[in-house]
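Residue-level structure breakdown
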Amino acid sequence: MKAAVFQDFGRADVLRLAEVPAPEIRPTDLLVRVRAAGVNRADLLQRQGVYGTETYGDSPLLGLELAGEVVEVGGAVTGFRRGDRVMAITGGGAYAEVARVDQALAVHMPDHLGFIEAAAVMESFVTAYEVVGHLAGLGAGQTMLVHAAAGGVGSAMVQVARALGGRVLATAGASRLGDVLSLGAEEVVDYRSGDFEAEARRFTAGQGLDAVVDFIGGDTLAANLRSLRPGGILVQVGLMGGGGDAPIPLGLLLHNHLRLVGTVMKSRQPDEKRAMVQRFADRMLPLVASGTLRAVVSQVFPLTDVVQAHEAMERGGGFGKIVLTVP
């Protein structure tokens, strides 16, 4: 089968298509004919060598989410059969014609979704519900700041927070403020020219936010903590701005009994990923099926243009997810 591969870590142009062996099915696996695969920042980091040779999953190939058709089921699989349309989290391997999927990390595609939109659902919305609903425990009337809200995961965070009854303040680039408002954010701050800390005080009438979700890191950390009410929570989901060694204002953390939690999908253990997918399936999948939650797709590239897809993600500035199609 054809798949996107790279021999050495580096820039996007190290990627190329090559023939590789098809994955071998195990008793609780599905083999899926990939129709579309989401592009995630973790794919860029893997290609750049940030994770070294560790794959955190089943395959050294890139690609953490997909949509496609089941072509084979393992002997212990229940609930799926050949021909089913599925969307799934993978332990690597989605940038290929065929991928192996743990049945517990797959769900049936809602009837109204096409493969492109379905390929943008799982990583974004499973992460979003894990952060907003499970870790932050956001409830009706509570306030949350979502940074980088125009991105694939950020746009899902805004929608999930609103679906849970939360009030959302967000940051985004100047050209994307209206887009993020359309997702349900009450107010959006230009991350270049605005002062999100001051806006958070005004948004909450000086009380502070119940939760902050941050993808940036670095210099935003202290301001995020200052923006929280006593007992509030900051969930750190990424480090798009670098600065993994940012100083923490421990006095503030202690005095206001704040919580700082880090989470990423890629390094989770298999049982943790299965539990995350189950929580999403129970609470959020019905809202995806009804159209209340929608994956936002920014750009679509064929797998043959995987280099251009990675370059587009590195440039940034889009609204939603980048998706690869597999003809």
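Residues numbered from 1 in each chain as written. Predicted model: local features only at pLDDT ≥ 70, side-chain atom pairs only at ≥ 80, totals over all residues. Heavy atoms only, no water.

The protein appears in an unreviewed UniProt entry as NAD(P)H-quinone oxidoreductase from Azospirillum endophyticum.

Some details on the pairing of strand β12 (residues 228–236)
Taking burial as the measure, the nine residues of β12 include seven buried ones, the bulk of the element. Bridge count for strand β11 (residues 209–214) against β12 is five bridges, and the pairing is parallel. Its bridge partner lying in β12, Val213 is registered against Val235. Once you follow β11 into helix α7 (residues 220–226) and on to β12, the crossover reads as right-handed. Alignment of β12 against strand β13 (residues 259–262), held across four bridges, turns out to be parallel. Within β13, the residue paired with Leu234 across the bridge is Leu260. (Buried < 20%, exposed > 50% of the residue type's maximum accessible area, 1.4 Å probe, protein only. Helix = DSSP H or I, 4+ residues; strand = E, 2+ residues; numbered from the N terminus. Pairing = 2+ DSSP bridges. Right-handed = clockwise from strand over helix to strand, strands pointing away.)

What to know about helix α3 (residues 122–135)
With twelve of its 14 residues buried, α3 lies for the most part within the structure. Positive backbone phi, approximately 60°, marks Gly137, located one or two places after α3.

Points about a nonpolar patch on the surface
There is a patch of nonpolar side chains on the surface, built from Ile248, Leu250, Leu254 and Leu260 and spanning about 380 Å² of accessible area. Assignment of secondary structure puts Ile248 in the loop between β12 and α8 (250–255). On the basis of relative accessible area, Ile248 is assigned to the partly exposed category, the value being 38%. (Patch = residues over 30% accessible without salt bridge, like charges linked within 9 Å, V, L, I, M, F, W, Y side chains within 5 Å. Areas by Shrake-Rupley, 256 points an atom, 1.4 Å probe, with all protein chains shown as cover. Salt bridge = Lys/Arg side-chain N within 4 Å of Asp/Glu carboxyl O.)

Re the sheet that holds strand β8 (residues 143–146)
Read from one edge to the other, the open sheet built from six strands follows the order β10-β9-β8-β11-β12-β13, with strand pairing classed as parallel. The open sheet terminates on both sides in strands that have one partner only, identified here as β10 (187–190) and β13. Here the average twist between neighbouring strands, direction ignored, is 15°. Contacts from α3 reach β8, β11, β12 and β13 within the one sheet, and its direction differs from that of β12 by about 155°. Across the sheet, helix α4 (residues 152–163) touches β8, β9 (167–172) and β11, and the angle it forms with β8 is around 170°. (Axes fitted to C-alpha atoms, helices over the stretch in contact; angles between N-to-C directions. Contact = heavy atoms within 4.5 Å.)

Some thoughts on the nonpolar core
Judged by nonpolar contacts, the single largest core of 58 residues is most densely connected at Met87 and Met157. Ranked by residues supplied to this core, first place goes to α3 with seven residues. Once residues lying within four places of it in the same chain are set aside, the contact partners of Met157 are Thr127, Ala128, Val131, Val132, Val146, Val213, Phe215 and Val237. If you look at the next biggest cluster of nonpolar residues, it comprises 31 residues, including Ala4, Leu30, Val86 and Phe301. (Core = buried A, V, L, I, M, F, W, Y, C linked by side-chain atoms within 4.5 Å.)

Remarks on the environment of Phe301
Residue position: Phe301 is located in strand β14 (residues 297–302). Sequence separation between Phe301 and Val323 is 22 residues, and the spatial gap between their C-alpha atoms is 6.4 Å. With near-sequence residues (within four places) excluded, Phe301 lies in contact with Gln308, Ala309, Ala312, Ile322, Val323, Leu324 and Thr325.

Section: the environment of Asp111
Position of Asp111 relative to the elements: it lies in the loop between β7 (106–108) and α2 (115–118). Taking the C-alpha atoms as reference points, Asp111 and Ser124, 13 residues apart in sequence, are found 19 Å from one another.

Observations regarding the side chain of Arg268
By the secondary structure assignment, Arg268 is in the loop between β13 and α9 (270–283). Here Thr263 takes part through its side chain, which lies 2.8 Å from a polar atom of the side chain of Arg268. Sequence-distant contacts of Arg268, that is, excluding residues within four places in its chain, are made with Glu130, Leu135, Thr263, Lys273 and Met276. (Polar contact = N/O pair within 3.5 Å; in protein donor to acceptor, adjacent residues only side chain to side chain.)

What about the pairing of strand β15 (residues 321–325)?
With four of five residues buried, β15 is to be regarded as a mostly interior element. Here strand β3 (residues 29–39) runs beside β15; their pairing, made up of four bridges, is antiparallel. What sits directly across from Ala37, in β15, is Leu324. With five bridges joining them, β14 and β15 adopt parallel strand pairing. Looking at β15, one finds that Phe301 is bridged to Leu324. Following the chain from β14 across helix α11 (residues 306–315) to the adjacent parallel β15, one finds a crossover that is right-handed.

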